[in-house]
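Single-letter residue listing:
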Amino acid sequence: MKVLGVESSCDETGVALVECAEVGVPRLLAHALHSQVSMHEAYGGVVPELASRDHIRRVIPLTECVLADAGCALADIDLVAYTRGPGLAGALLVGAGYAVALAAALERPTLGVHHLEGHLLSPFLSADPPEFPFVALLVSGGHTQLMRVDGVGRYELLGETIDDAAGEAFDKSAKLMGLGYPGGPALSRLAQRGRPDAFPLPRPLLHSGDLDFSFAGLKTAVMTQHRKLGPAPASEALADLAAATQAAIVDVLAAKAMAALRRTGLRRLVVAGGVGANAELRRRLGQACGRAGVRVHYPEFELCTDNGAMIALAAAMRVQAGLARGQAAEAFDVRPRWPLQDIH
Ligand code: KG4
Ligand code: ZN
């Protein structure tokens, strides 16, 4: 079975083709991505209406590119999957509308996929795929969650952020330091030249005894330190502040992930979502997991941030697990707010 996946929940248009048998890990045949980062950069963040319009422009050329790369034709597609939520309503509607229209024209079924389930399962497309059960640390621009994952569709929330997400902490700190959007990659690049202990920043909820996170206070502390540097901070001071900010975020993420592994007794960790691309987080988790005898799995680097491959993959794995069959291409809806625990 060949599954086309369409991702359009935020600022990347992603399309991919995945092939799967009745059992076994699905195989990625081709994927293509258009990032809108340069378009939103001028505004310091994602402008939803611009995002929707750009998805419309990109989705058909990306599909053509994926089919050409895979050496397939439209008629080879057996199921058209799309991101049903969570995300920006207008942006989701573009992908959903396109996927359902394409499926109707091809007389194939469609399947709406949860964006976070896509991130969660994305390491299955890597050269070193995990096995169930595992603890998942989901760290994206909008979500920070620890889950116990016993199989496809079997997700138990262990803890999550009570305010900002980890990616948001990176982005907001970077923005107030004048590093532009999206801030995570820029801040982590700058942090390479800085001293992580140069500024005293809080580690919110580090010793709370539960698996929840809080990053809003950290952003305020970064703002206070940044103000103290004056209107034109030296580049060394800025690099120090970037390193200290990254260290504070990474400390908390690593400590809570290890606590979740201890609490569940599981010996596998999956890290997914955009912040999973952060080199310092990978280094720290690598050390801690090495000491604890835990295997840690990541998606391929290019599949850490949003992409169509994870959507096609999640659809294929749901079908394989007997959890979904695809629906007739008729009416559709999107769910801009959609807790992962609510998927059936
Ligand atoms: O998963 P994702 O692509 O989109 C959402 O579903 O939100 O994650 C985007 C987030 C942004 O906050 C971005 O700044 C962050 O991931 N990010 C990083 C890095 N690369 C992306 N944060 C820290 N270090 C990175 N290298
Ligand atoms: Zn995402």
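Our subject in this report is the structure included herewith. (Residues numbered from 1 in each chain as written. Chains lettered and ligands numbered in written order. Predicted model: local features only at pLDDT ≥ 70, side-chain atom pairs only at ≥ 80, totals over all residues. Heavy atoms only, no water.)

1. Overview of the pairing of strand 8 (residues 154-160)
Definition in use: Pairing between strands is defined by DSSP: at least two bridges between the two strands are required. Counting from the N terminus, the helices are DSSP H or I runs at least four residues long and the strands are E runs at least two residues long.
Where strand 7 (residues 144-151) lies against strand 8, six bridges are found, and the strand directions are antiparallel. Bridge pairing in strand 8 links Gly151 to Arg154. Hairpin connection, strand 7 to strand 8: the antiparallel pair is bridged by two residues, and Gly153 has positive phi, about 80°.

2. Observations regarding the packing of helix 5 (residues 166-176) against helix 7 (residues 216-228)
Operational definition: For helices, the fitted axis covers only the stretch in contact; all axes are lines through C-alpha atoms, and the angles between them, taken along N-to-C directions, range from 0 to 180 degrees. Small angles under 35 degrees read as roughly parallel and large ones over 145 as roughly antiparallel, with 65 to 115 read as roughly perpendicular and the rest as oblique. Crossing handedness follows the turn of the near helix against the far one: under a right angle anticlockwise gives a left-handed crossing, and clockwise gives a right-handed one. Contacts are assigned to residue pairs that have any heavy atoms within 4.5 Å of one another. Side-chain classes are defined by residue name, with Ala, Val, Leu, Ile, Met, Phe, Trp, Tyr, Cys and Pro counting as nonpolar, Asp, Glu, Lys and Arg as charged, and the others, Gly among them, as polar.
The interhelical angle for the contact between helix 5 and helix 7, taken along N-to-C directions, is 15°, at an axis separation of 10 Å. Comparing their axes, helix 7 and helix 5 come out roughly parallel. Our pair here, helix 5 against helix 7, has a crossing hand that is right-handed. Here Lys172, Ser173 and Leu176 of helix 5 come into contact with helix 7, specifically with Lys219, Val222, Met223 and His226. When the residues that make up the contact of helix 5 with helix 7 are grouped by side-chain class, the tally is three nonpolar, two polar and two charged.

3. Looking at the state of the cysteines
As a reminder of what qualifies: For the purposes of this analysis, a disulfide is any pair of cysteine sulfur atoms at a distance within 2.5 Å.
One pass over the structure, following the stated rule, counts zero disulfides. Looking at the unpaired Cys289, the closest cysteine sulfur is the one in Cys304, lying at 15 Å.

4. Quick word on the sheet that holds strand 8
Either a parallel or an antiparallel arrangement is found when strands of a sheet pair, and the pairing is made through backbone hydrogen bonds. On the basis of which strands lie adjacent, the open sheet formed by five strands has the order 8-7-6-9-10 and mixed pairing. Edge positions in the open sheet fall to strand 8 and strand 10 (295-297), since each of these has one partner strand only. Geometrically, the sheet is characterised by an average inter-axis angle of 25° between neighbouring strands, direction not taken into account. Packed onto the sheet, helix 8 (residues 235-264) meets strand 6 (134-139), strand 7, strand 8 and strand 9 (268-272) and runs at close to 155° relative to strand 6. Sheet strands in contact with helix 9 (residues 279-292) are strand 6, strand 9 and strand 10, and its direction is about 175° off that of strand 9.

5. Things to note about the site of ligand 1
In plain terms, the rule: Residues are classed as near a molecule or strand on a simple rule: at least one heavy atom within 4 Å of it. Residues adjacent in sequence count toward polar contacts only when both atoms are side-chain atoms; beyond that, a polar contact is any pair of N or O atoms within 3.5 Å, and within protein one must be able to donate a hydrogen and the other to accept it. Accessible areas in this description were obtained via Shrake-Rupley with a 1.4 Å probe; residue shielding takes into account the shown protein chains only.
Taken together, 18 residues form the shell around ligand 1, and within it His119, Gly141, Asp171, Gly274 and Asn278 come nearest. Taking His119, its side chain carries an N or O atom lying 3.1 Å from an oxygen atom of ligand 1. A distance of 3.4 Å separates an oxygen atom of ligand 1 from a polar backbone atom of Gly142. Coverage of ligand 1 by the protein chains reaches 87% of its 550 Å² of free accessible surface. Only helix 4 (115-121), helix 5 and helix 6 (183-191) provide two or more residues apiece to the shell around ligand 1. The residue makeup of the shell around ligand 1, split by class, is four nonpolar, 12 polar and two charged.

6. A closer look at helix 6
Since the α-helix turns once every 3.6 residues, residues separated by three or four places project in the same direction. This is how the line gets drawn: Each residue gets one of three labels from its accessible area relative to the maximum for its type: buried under 20%, exposed over 50%, partly exposed in between, using a 1.4 Å probe on protein chains only.
For helix 6, the tally of buried residues reaches seven of nine residues, placing the bulk of the element in the interior. On its buried face, helix 6 is in contact with helix 5 and helix 8.

7. Focus: the pattern of salt bridges
A side chain with one charge may pair with a side chain of the opposite charge, provided their charged atoms come close. Worth spelling out the cut-off: Think of a salt bridge as a Lys or Arg side-chain nitrogen and an Asp or Glu carboxyl oxygen that are within 4 Å of each other.
Under the definition given, this model contains 17 salt bridges. Here Arg84 ties to Asp333 by a salt bridge, and the two come within 2.8 Å at their closest N and O atoms. Note that Arg84 is positioned in strand 4 (residues 79-85) and Asp333 in the segment after helix 10 (309-320), a separation of 249 residues in sequence. Assessed through its relative accessible area of 21%, Arg84 is described here as partly exposed. Its salt-bridge partner being Arg283, residue Glu280 comes within 2.8 Å of it at the nearest N-O pair. With Glu280 and Arg283 both in helix 9, this residue pair falls three residues apart, about one helical turn. With relative accessibility at 43%, the residue Arg283 sits in the partly exposed group.

8. Observations regarding the sheet that holds strand 3 (residues 27-35)
The five strands lie next to each other as 3-2-1-4-5, forming an open sheet whose pairing is mixed. Edge positions in the sheet fall to strand 3 and strand 5 (110-114), since each of these pairs with one other strand and no more. With direction set aside, neighbouring strand axes in the sheet form an average angle of 20°. The pairing of strand 2 (residues 12-19) with strand 3 spans eight bridges and is classified as antiparallel. Paired with Val15 across the bridge in strand 3 is Ala32. Strand contacts of helix 2 (residues 48-70): strand 1 (2-7), strand 2 and strand 3, with the helix running at about 30° to strand 2, the strand carrying the most contacts.

9. Some words on the nonpolar core
Defined as follows: By convention a nonpolar core is built from buried Ala, Val, Leu, Ile, Met, Phe, Trp, Tyr and Cys residues, the set being connected through side-chain atoms within 4.5 Å.
Among the nonpolar cores identified, the biggest contains 48 residues, and Leu137, Leu146, Leu253, Leu269 and Leu285 are the most heavily contacted of them. A total of 17 residues in this core trace back to one element, the largest contributor, which is helix 8. Discounting chain neighbours no more than four positions away, the residues touching Leu269 are Val135, Leu137, Ala257, Leu261, Leu285, Cys289, Val294, Arg295, Val296 and His297. Grouped together as the second largest cluster of nonpolar side chains are 36 residues, Leu120, Phe124, Phe134 and Ala309 included.

10. Here's the deal with the packing of aromatic side chains
Note the threshold: Note on aromatic contacts: the rings of Phe and Tyr and the six-membered ring of Trp form a pair at centre separations within 6.5 Å, being stacked when their planes are under 30 degrees apart, edge-to-face when over 60 apart, and tilted otherwise. In this analysis the charged atom, NZ for Lys or CZ for Arg, is taken to sit over a ring once it is within 6 Å of the ring centre and within 35 degrees of the ring normal.
For the coordinates displayed, the defined rule picks out four aromatic pairs. When the ring of Phe124 is compared with that of Phe134, the centres are 6.3 Å apart and the planes differ by 45°; the resulting orientation is tilted. Of this pair, Phe124 sits in the loop between helix 4 and strand 6 while Phe134 sits in strand 6, and the two are 10 residues apart along the sequence. Here Phe132 and Phe134 contribute two aromatic rings whose centre-to-centre distance is 5.5 Å and whose plane-to-plane angle is 15°, an arrangement assigned as stacked. Given a relative accessible area of 0%, Phe134 falls into the buried group. The ring of Tyr298 carries Arg282 above its face, with NZ or CZ at 4.1 Å from the centroid.

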